[in-house]
Amino acid sequence: PTWEGRSGVHTHCTNTRITDPEILEKRYPVLLREFSLREGSGGKGKHKGGDGVIRELEALRPLVMSVLSERRTLQPYGLEGGEPAQSGRNLLARKDGVLVNAGAKFSTKIESGERLRVESPGGGGYGKVSNSV
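Residues numbered from 1 in each chain as written. Predicted model: local features only at pLDDT ≥ 70, side-chain atom pairs only at ≥ 80, totals over all residues. Heavy atoms only, no water.

As for the pairing of strand S2 (residues 52-59)
Step number 1: Burial runs high along S2: 8 of the 8 residues are buried.
Step number 2: Neither face of S2 is open: one carries Gly52, Ile54, Glu56 and Glu58, the other Val53, Arg55, Leu57 and Ala59, and all of them are buried.
Step number 3: For strand S1 (residues 30-38) and S2, the ladder comprises 8 bridges, and the chain directions are antiparallel. Its bridge partner lying in S2, Arg38 is registered against Gly52. (Buried < 20%, exposed > 50% of the residue type's maximum accessible area, 1.4 Å probe, protein only. Helix = DSSP H or I, 4+ residues; strand = E, 2+ residues; numbered from the N terminus. Pairing = 2+ DSSP bridges.)

The following block contains the structure:
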């Protein structure tokens, strides 16, 4: 390739690239507290891998949240000498202040006011970084 990786590509609950915050909040009893790029999560390379995204959802009532995700343990690999990207994380912020790394696949009860923070992985870099100027 001759381009940098695309940042912010995230397949979410509607199986599209990105679910609009307004749709998410209308369909589910959650408030979107953060929606941003996960700066620096893409792998380094001649062509940098794209950065992942951060979505932090706050429950507006008690509910069950289920997540099926990948690349939470193994990093997305680089190609042709490119470096791997950061792996993702799914974090639960409980009312008592405890922060739980929930892993890649889980289903759990969450109380009103508790939060789920999804940090998606970046993309692996492509090609060796050249040291010459």
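Let's talk about the sheet that holds strand S4 (residues 89-93)
Step number 1: With respect to topology, 5 strands assemble into an open sheet ordered S1-S2-S7-S4-S5, the strand pairing being antiparallel. If you trace the sheet from one side to the other, it starts and ends with S1 and strand S5 (99-101), each paired once. Put simply, the sheet's adjacent strands are angled 15 degrees from each other on average, direction ignored.
Step number 2: Examined bridge by bridge, S4 and S5 share 3 bridges and lie antiparallel to one another. Within S5, the position partnered with Leu91 by the bridge is Asn101. (Axes fitted to C-alpha atoms, helices over the stretch in contact; angles between N-to-C directions.)

Examining the side chain of Thr108
Step number 1: Counting through the fold element by element, Thr108 comes out in strand S6 (residues 105-110).
Step number 2: At a separation of 3.2 Å, a polar atom in the side chain of Thr108 contacts the side chain of Arg94. (Polar contact = N/O pair within 3.5 Å; in protein donor to acceptor, adjacent residues only side chain to side chain.)

By themselves, these observations are geometric and do not establish any function.
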